[in-house]
Amino acid sequence: MPAPPPSRRRAILRRKALPYLLLAPALVTFGVFKAYPIVSSLLLSLTTGSGANTRNAGLANYRKLLDDPLFWTALGNTARILVVQVPLMLALALGLSVALHAALVRFRTVWRLGIFMPSVTGLVATGVVFAFLLDTDRGAVNSLLEAIGLSGVDWLGDGFWARMAVVLVLTWHYTGYNAVIYLAGLQGIPKELYEAAMVDGAGPLRRFFSITLPALRPVLLFTVVLSTIGTLQLFDEPYVLTRGGPDNATLTVSMYLYDNGFRYFDFGYASAIAYALTLIVSVLGAVQMRLMGERE
Amino acid sequence: MTLTTRATRVAPPTTGTTAGKGLRARLRGWPTTLILAAVTGLSVAPFYWLVISATHSDADIFSWPPKLLPGSHLGENLSHLDAKIGIGRVLLNSLLVSGVQTIGALVVALLAGYAFAKFRFRGRTTLFVVLLSTLVVPDQVLLVPLFKMMMSFGLMDSYQALILPGLCVPFAIFLMRQALAGMPDELLDAARVDGAGELRVLFGVVVPVMRPVLAALGIFLFLGSWNSFVWPLIALRSPDMHTLPVALATLHGMKSNTDYGLILAGTALSTLPMMALFLALQRQFISGLLAGATKG
């Protein structure tokens, strides 16, 4: 066979180089804009000062963090919003998805689209709209409350209610998204399981707890972890709604990081906050995966 | 991806039952339907209020009962908005940044996903794991190093500063790899046997087959970019460079600004294009946002 060896060798070489060529754009952008900043941030967290006056500080930033009342306030606020918002939203989403999935529901597509719609809106736009709707004196929500005989609430001026406002906005924004995720999960459950359970005389509640919930466990885990991570990184909504106020009641960890980095330009301290946040996110994520994932 | 088709397939009630039972069954679906209608109302009401309010004068925006029909102040609100932030320029910035970033990230993810899915090469697994492991790192970690980097590149307040960090999206690469792994190798080999070069294989065979995945992923990336806030807030200085969310937050944050009509007109402008896109491409939207949930 007079197969031309040089061109074949070139072809082989090209085939060997090809995957790296294909990966090159990803690797370059990843290296410069992800990997480098991740390492750089860790090193920065061990320095203090700003601009040209940066010097090594060892773990001083982290020690400062432990003694910083404002950091604990921010963490506490974030935690309080988290423990109310995530269970509330996911329970609502689960109920909605079961309702959407029910065989006898009419105009299913309309409801599904309407419920999903808020998750397409930007968080800043959402924040602006709700800042108007929740205005204490003239907002539509308080006007409505008063119209039905309740008293209005100082949504953005009272610490507790400001946090509730953030919870409300987050829930409005993300419930539909989670409901649609659950709906996709529900559609994957074989109908025969329900038919068999009905033959065995299991009622709707029994079917929900013995078939639906276990089958949805992976999807539930996904949404719990994702919502937790998202809430821990909360920034846009409180920034627009309350700027962290009143009296730091809605200051979140991310906002505190932003303040330190980009208002006081203390890069070292901001980076330490970023890594503290990373640690919290990973630990909580891992705990949730363990608790929910391993009960097979 | 087949959410709608699957949903409708479940929809029709049992046909084999007698007329009387069917009627009763139909009535039984209505309470659920009404609950879903109410929730849909709550989901959509803030949008409706936003769009209607954008067409009213300041006095009418806070009137009770709220105005339910469009008013005549839209033109006035828009011209005030334009005088304040140059809305044309801001819209253009948003479109340009989101468009370029989306296309760039799609190309990067497609090439890398193709390499990971269809080629064996040294370091494949390691690279993939490293890439994915950054998914657990919150974006906040990147902020300070990216800021310093853009300062030293002299890229602050530029389109590049906004676009470049968004080109490598590990999740998009993961998704492309998953999708491409499911594509039969025979298709690719057939094209190669016909003498197609690798680029021809990629753009002539892979891209057409992957079009639905690319569309869904593209929408997901565009939406994220269109709505992103923290990084643009940090990287931008001059109002000329502002994207929509930054411009909105700035407008809203001005304590002196009491022209509410213009703020709401701007908010509506940032939201409506996405709503229109969503209604036109709802299947791709939903599968884009669901991708992580169902393939994880």
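Above this text you will find the structure in question.
Residues numbered from 1 in each chain as written. Chains lettered and ligands numbered in written order. Predicted model: local features only at pLDDT ≥ 70, side-chain atom pairs only at ≥ 80, totals over all residues. Heavy atoms only, no water.

A. Here's a closer look at the interface of chain A and chain B. On the side of chain B, 92 residues touch chain A, which itself brings 83 residues to the contact. Summing both partners gives a buried area of about 8300 Å² for chain A against chain B, and 79% of it is carried by carbon and sulfur. Here chain A and chain B share zero salt bridges between them. Our count for the chain A to chain B interface comes out at 13 residue pairs in polar contact (both at pLDDT 80 or more). Broken down by element, the residue count for the side of chain A that touches chain B peaks at 20 residues, all from helix α1 (residues 5-44) of chain A. Across the side of chain A that touches chain B, the residue classes tally to 60 nonpolar, 14 polar and nine charged. (Contact = heavy atoms within 4.5 Å. Buried area = accessible area lost by both parts, 1.4 Å probe. Salt bridge = Lys/Arg side-chain N within 4 Å of Asp/Glu carboxyl O. Polar contact = N/O pair within 3.5 Å; in protein donor to acceptor, adjacent residues only side chain to side chain. Helix = DSSP H or I, 4+ residues; strand = E, 2+ residues; numbered from the N terminus. Nonpolar A, V, L, I, M, F, W, Y, C, P; charged D, E, K, R; others polar.)

B. How the structure looks around the nonpolar core. A:Tyr239 and B:Trp231 are the most contacted members of the largest nonpolar core, which has 141 residues in total. Here this core gets 15 residues from one element, more than from any other, and that element is helix α7 (residues 159-187) of chain A. If we ignore the near neighbours within four places in the chain, the residues touching A:Tyr239 are A:Met255, A:Tyr258, B:Phe229, B:Leu233 and B:Ala249. Grouped together as the second largest cluster of nonpolar side chains are 43 residues, B:Val108, B:Ala109, B:Cys168 and B:Val201 included. (Core = buried A, V, L, I, M, F, W, Y, C linked by side-chain atoms within 4.5 Å. Buried < 20%, exposed > 50% of the residue type's maximum accessible area, 1.4 Å probe, protein only.)

C. Quick peek at helix α9 (residues 204-232) of chain A. Between its first and last C-alpha, α9(A) extends only 35 Å over 29 residues, short of the 42 Å set by a 1.5 Å rise per residue. At A:Arg217, α9(A) shows its strongest bend, of approximately 60 degrees, with the proline A:Pro218 following within four residues. (Expected span 1.5 Å × (residues − 1). Bend = angle between axes of the 7 residues up to and from the residue.)

D. Spatial organisation of the packing of aromatic side chains. Considering all chains together, one arrives at 33 aromatic pairs over all chains under this definition. Their ring planes at 35 degrees and their centres at 6.2 Å tell us that B:Phe116 and B:Phe121 sit as a pair that is tilted. We classify B:Phe116 as buried; its relative accessible area is 2%. Relative accessible area serves as the criterion here: at 12%, B:Phe121 is assigned to the buried category. Each member of the aromatic cluster is reached from another via a ring pair, and the members are A:Phe235, A:Tyr239, A:Tyr258, A:Phe262, A:Phe265, A:Phe267, B:Phe147 and B:Phe229. Over the aromatic face of A:Tyr269 sits the side chain of A:Lys64, whose NZ or CZ is 3.9 Å from the ring centroid. A cation over a ring is seen here: A:Arg138 above B:Phe62, with NZ or CZ 4.2 Å from the ring centre. (Phe/Tyr/Trp six-rings, centres within 6.5 Å; stacked < 30°, edge-to-face > 60°. Lys NZ or Arg CZ within 6 Å of the ring centre and 35° of its normal.)

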